[in-house]
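One letter stands for each residue in the lines below.
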Amino acid sequence: MPFTTHSKKTLAEKSPAKKTTLKKPMLENTTAKNIDGRALAVHLKEGLIKRIDILKKKHNVRPGLAIIRVGDDPASQVYVASKKRQCKEIGIRSFEHVLSSTIEQKALLDLIQSINEDPEIHGLIVQLPLPKHFNSAEIIQAISPRKDVDGLHPLNLGKLFCGIEGGFTPCTPKGCIKLIHTVQKDLKGLKAVVVGASNLVGKPLAHLLLREGATVSLLNSKTKNPKSLCSQADVIVAAAGIPCLIQGDWVKKGALVIDVGINHLVDEQGKPYLVGDVDYEAVSKKAKAMTPVPGGVGPMTVACLLENTVIAVENLYS
Ligand code: NAD
């Protein structure tokens, strides 16, 4: 499909608004093709509606997604509301469980166990970040790998890292690969740099790019001279959570740039706005194609969550 126009934790929801003097991105005078994540997400969801219809007709089943939210983080509330709305739009039943931030780890583990055993629920996500007293790694490991539609359980990540088919791929990296493919189908032999090495985004994405035959550098906060590494890359994916980290002179002419970052900032008039990890204005003069923020990776993350939920049901009957 054509893309011509111009968006953490489960997902982009960790940074509070900060005062800043950064310029808002200007979308004029750009040369890069804008990779439209919203349009691609709509296209993906249209396909999911058909797959859900087939499941209903063949097996009389409707996908069910449980979302556990702990505490009252406003960003998490917004992200969960959006996921529920999009579930409804395409015919997935969603069930939100809201827990007080004061509950104990054990109570959350017990809820996960009961959802794991519920045959009406095919996918289960715990909205991250959890309040600090929780052991998030233990919580993620308690989710049944067959319902882990965020793809963060060690079994699913392990399958991805070992190249074993059949696990769930984490939603944001999966969305990034789909966005890259709208511009560049064949990544064999290309140099790819992933800036940021979290379990949620950077590490799984680096493995997906490796699987595609790219030569991958995975950068972290201690990496020396990231500018030099980025400037050699054919594909750059920025996922560090640092506003406008990737500058125009970090990018080779004709590179493909995917901006995962979601940074909540406030302008000099006190108005909140979002920027990514890429200096859009400067980089768009060098890149062949790039994703905007908002409207790039964000919508694809949710669409891939919905796709993983449909896959969880399809797996039951395949
Ligand atoms: P994280 O904080 O868990 O990890 C950040 C990673 O970046 C770490 O590996 C760190 O070492 C690295 N890093 C930090 N500074 C760096 C630097 N200067 N150079 C190179 N690496 C550096 O964050 P995360 O959960 O992976 O999220 C990253 C960003 O992506 C955040 O802005 C988040 O909001 C956003 N995000 C967006 C979506 C979406 O759907 N669009 C989804 C997930 C995360």
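About the thresholds
Residues numbered from 1 in each chain as written. Predicted model: local features only at pLDDT ≥ 70, side-chain atom pairs only at ≥ 80, totals over all residues. Helix = DSSP H or I, 4+ residues; strand = E, 2+ residues; numbered from the N terminus. Pairing = 2+ DSSP bridges. Axes fitted to C-alpha atoms, helices over the stretch in contact; angles between N-to-C directions. pLDDT = per-residue confidence, 0-100. Contact = placed C-beta atoms within 7 Å. Parallel < 35°, antiparallel > 145°, perpendicular 65-115°, else oblique. Left-handed = near helix turned anticlockwise from the far one by under 90°. Nonpolar A, V, L, I, M, F, W, Y, C, P; charged D, E, K, R; others polar. Buried ≥ 20, exposed ≤ 12 C-beta atoms within 10 Å, placed from the backbone. Core = buried A, V, L, I, M, F, W, Y, C linked by C-beta atoms within 7 Å.

## Quick look at unusual backbone geometry
Phase 1: A cis amide bond links Leu-128 to the next residue, Pro-129, at an omega of 0 degrees.
Phase 2: Residue placement: Pro-129 occurs in the loop between strand 5 (123-126) and helix 4 (136-142).
Phase 3: The omega torsion across Val-293 and Pro-294 is 0 degrees, close enough to zero to call that bond cis.
Phase 4: You can see Pro-294 is positioned in the loop between strand 12 (289-290) and helix 10 (297-317).
Phase 5: Residues other than glycine seldom take positive phi values, yet Cys-244 does so here, at roughly 55 degrees.
Phase 6: Examined against the element boundaries, Cys-244 turns out to sit in the loop between strand 8 (235-238) and strand 9 (256-259).

## Section: the sheet that holds strand 5
As a general point, the strands of a sheet are linked pairwise by backbone hydrogen bonds and lie either parallel or antiparallel.
Phase 1: Reading across the sheet, the 3 strands line up as 4-3-5 and stay open at both edges, with parallel pairing between neighbours. Looking along the sheet, the strands with just one partner apiece sit at the ends: strand 4 (93-99) and strand 5. Within this sheet the neighbouring strands show an average axis-to-axis angle of 15 degrees, counted without direction.
Phase 2: Pairing between strand 3 (residues 64-70) and strand 4: 7 bridges, direction parallel. Each bridged residue has a counterpart across the sheet, and for Arg-69 the counterpart in strand 4 is Val-98.

## Remarks on the environment of Asp-72
Phase 1: The residue Asp-72 is located in the loop between strand 3 and helix 2 (74-90) in this model.
Phase 2: Through-space distance from the C-alpha of Asp-72 to that of Ser-101 is 7.5 Å; in sequence the pair is 29 residues apart.

## Digging into the confidence of the model for the protein chain
The predicted coordinates should not be examined in detail at positions where pLDDT is low.
Phase 1: Model confidence for the protein chain is summarised by a mean pLDDT of 92, while 91% of its residues fall at 70 or above.
Phase 2: Low pLDDT, under 50, characterises residues 1-17; the predicted model gives this stretch 53 contacts beyond four residues in sequence or across chains.

## Comments concerning the sheet that holds strand 8
Phase 1: An order of 2-12-9-8-6-7 is seen for the 6 strands of this open sheet, with the pairing classed as parallel. At either end of the open sheet lies a strand with only one pairing partner, and these are strand 2 (33-34) and strand 7 (215-219).
Phase 2: Where strand 8 and strand 9 come together, 4 bridges link them in parallel fashion. Each residue of the ladder has a partner; that of Val-237, found in strand 9, is Ile-258.
Phase 3: Running at roughly 150 degrees to strand 9, helix 6 (residues 171-181) makes contact with strand 8 and strand 9 of the sheet.

## Re the packing of helix 6 against helix 10
Phase 1: The contact between helix 6 and helix 10 brings their axes to 8 Å, and the two run at 110 degrees. As far as their axial angle goes, helix 10 and helix 6 are roughly perpendicular. Once helix 6 is placed against helix 10, the crossing between them reads as right-handed. Residues Cys-171, Thr-172, Lys-174, Gly-175, Cys-176, Lys-178 and Leu-179 of helix 6 pack against Val-297, Met-300, Thr-301, Ala-303, Cys-304, Leu-305 and Asn-308 of helix 10.
Phase 2: Among the residues forming the contact of helix 6 with helix 10, the class breakdown is 8 nonpolar, 4 polar and 2 charged.

## Some thoughts on the pairing of strand 8
Phase 1: Where burial is concerned, the two faces of strand 8 agree: the one with Val-235 and Val-237 and the one with Ile-236 and Ala-238 are both buried.
Phase 2: Relative to strand 8, strand 6 (residues 191-195) is paired through 4 bridges, and the arrangement is parallel. Bridging from a neighbouring strand, Ala-192 pairs with Val-235 of strand 8.

## Considering helix 7 (residues 202-211)
Phase 1: Burial runs high along helix 7: 7 of the 10 residues are buried.
Phase 2: Buried residues of helix 7: Gly-202, Pro-204, Leu-205, Ala-206, His-207, Leu-208 and Leu-209, and no others.
Phase 3: Buried residues along helix 7 sit in contact with helix 5 (154-162), helix 6, strand 6, strand 7 and strand 8.
Phase 4: Phi turns positive one or two residues past the end of helix 7, at Gly-213, with a value near 95 degrees.

## Considering the nonpolar core
Phase 1: The biggest cluster of nonpolar side chains holds 93 residues, and the ones touching the most others in it are Val-194, Val-195, Ile-236 and Val-237.
Phase 2: Element by element, the count of residues in this core is highest for helix 10, at 11 residues.
Phase 3: Among all residues touching Val-237, those that are not within four sequence positions of it are Cys-176, Val-194, Val-195, Leu-205, Ile-258 and Val-260.

## Some thoughts on the packing of helix 2 against helix 10
Phase 1: Across the interface, helix 2 lies against helix 10 with an axial gap of 10 Å and an inter-helix angle of 55 degrees. Relative to helix 10, helix 2 is oriented oblique. For helix 2 against helix 10, the interelement crossing comes out right-handed. Here helix 2 contributes Ser-82, Lys-83, Gln-86, Cys-87 and Ile-90 to the contact with helix 10, which in turn contributes Val-302, Leu-305 and Leu-306.
Phase 2: Counted by class, the contact of helix 2 with helix 10 contains 5 nonpolar, 2 polar and 1 charged residues.

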